[in-house]
Amino acid sequence: MNKEREKGHVGGSFSDFLKEQGTCEETTQQAVKRVIAHQFAAAMKESGINKIEMAKQLKTSRSQLDRLLDPENDKVTLAALSRAAKAIGRSLRLELQ
């Protein structure tokens with residue numbers, strides 16, 4: 001038995017698979033948005049801010065806020081995310097890797 005199979009590794013990485021399928025970029029974008037949505041939900045809970053209060057702070061509707069916080073909606077602007085972060089006392093940080 002080869003060493004990779006002994007360690008539980010068979011074949012290439014999942015990233016390699018996604019690249020081969022041509023879906024790596026799209027999948028990564030979706031994953032990032034899901035993480036951000038989860039972080040917003042956790043920060044809102046920690047801060048004791050509900051969606052109604054958050055929408056008021058952002059001077060927007062609850063349905064608009066729902067779109068911003070929707071983990072499946074990847075059509076959100078950086079400006080909107082930055083304003084939402086500020087509303088809960090946080091900042092948005094982006095970095096290239």
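Refer to the preceding data block for the structure.
Now for a look at the structure at hand. (Residues numbered from 1 in each chain as written. Predicted model: local features only at pLDDT ≥ 70, side-chain atom pairs only at ≥ 80, totals over all residues. Heavy atoms only, no water.)

Some thoughts on the overall build of the protein
The criterion, for reference: In this description a helix means any DSSP run of H or I spanning at least four residues, a strand means any run of E spanning at least two, and both kinds are numbered starting from the N terminus. Think of it in three bands: residues with accessible area under 20% of the maximum for their type are buried, residues over 50% are exposed, and the middle band is partly exposed, with areas taken using a 1.4 Å probe on protein chains only. Contacts between residues were defined by any pair of non-hydrogen atoms, one from each residue, lying within 4.5 Å. Note on areas: these come from Shrake-Rupley sampling with a 1.4 Å probe, and a residue is covered only by the protein chains present in the view.
Scanning the protein from N- to C-terminus turns up six helices and zero strands. Listing each helix as α and each strand as β along the protein from the N terminus yields α-α-α-α-α-α. The proportion of buried residues among the 97 residues of the protein is 22%. A sequence separation of at least 24 residues applies to 54% of the contacts in the protein between residues at least 6 apart. Here the protein displays about 7,700 Å² of accessible surface, and carbon together with sulfur accounts for 51% of that area.

Re the packing of helix H4 (residues 51–58) against helix H5 (residues 62–69)
Geometry of a packed helix pair, given as the angle between the helix axes and the separation of the axes. We count it as follows: Helix axes are fitted to C-alpha atoms over the stretch in contact, other axes to C-alpha atoms as well, and angles between N-to-C directions run from 0 to 180 degrees. The labels follow the angle: roughly parallel below 35 degrees, roughly antiparallel above 145, roughly perpendicular from 65 to 115, and oblique for the rest. Charged residues are taken to be Asp, Glu, Lys and Arg, nonpolar residues to be Ala, Val, Leu, Ile, Met, Phe, Trp, Tyr, Cys and Pro, and polar residues to be all remaining types, Gly included.
For the pair H4 and H5, the least separation of the axes is 9 Å and the interaxial angle reads 100°. The angle between the axes of H4 and H5 places the two elements in the roughly perpendicular class. In this structure, H4 uses Lys 51, Ile 52, Met 54, Ala 55 and Leu 58 to contact H5, whose residues at the interface are Arg 62, Leu 65, Asp 66 and Leu 69. Tallied by class, residues from the contact of H4 with H5 come to six nonpolar, no polar and three charged.

Considering unusual backbone geometry
The phi angle at Lys 59 is positive, at roughly 55°, despite the residue not being glycine. Mapped onto the elements of the fold, Lys 59 is located in the loop between H4 and H5.

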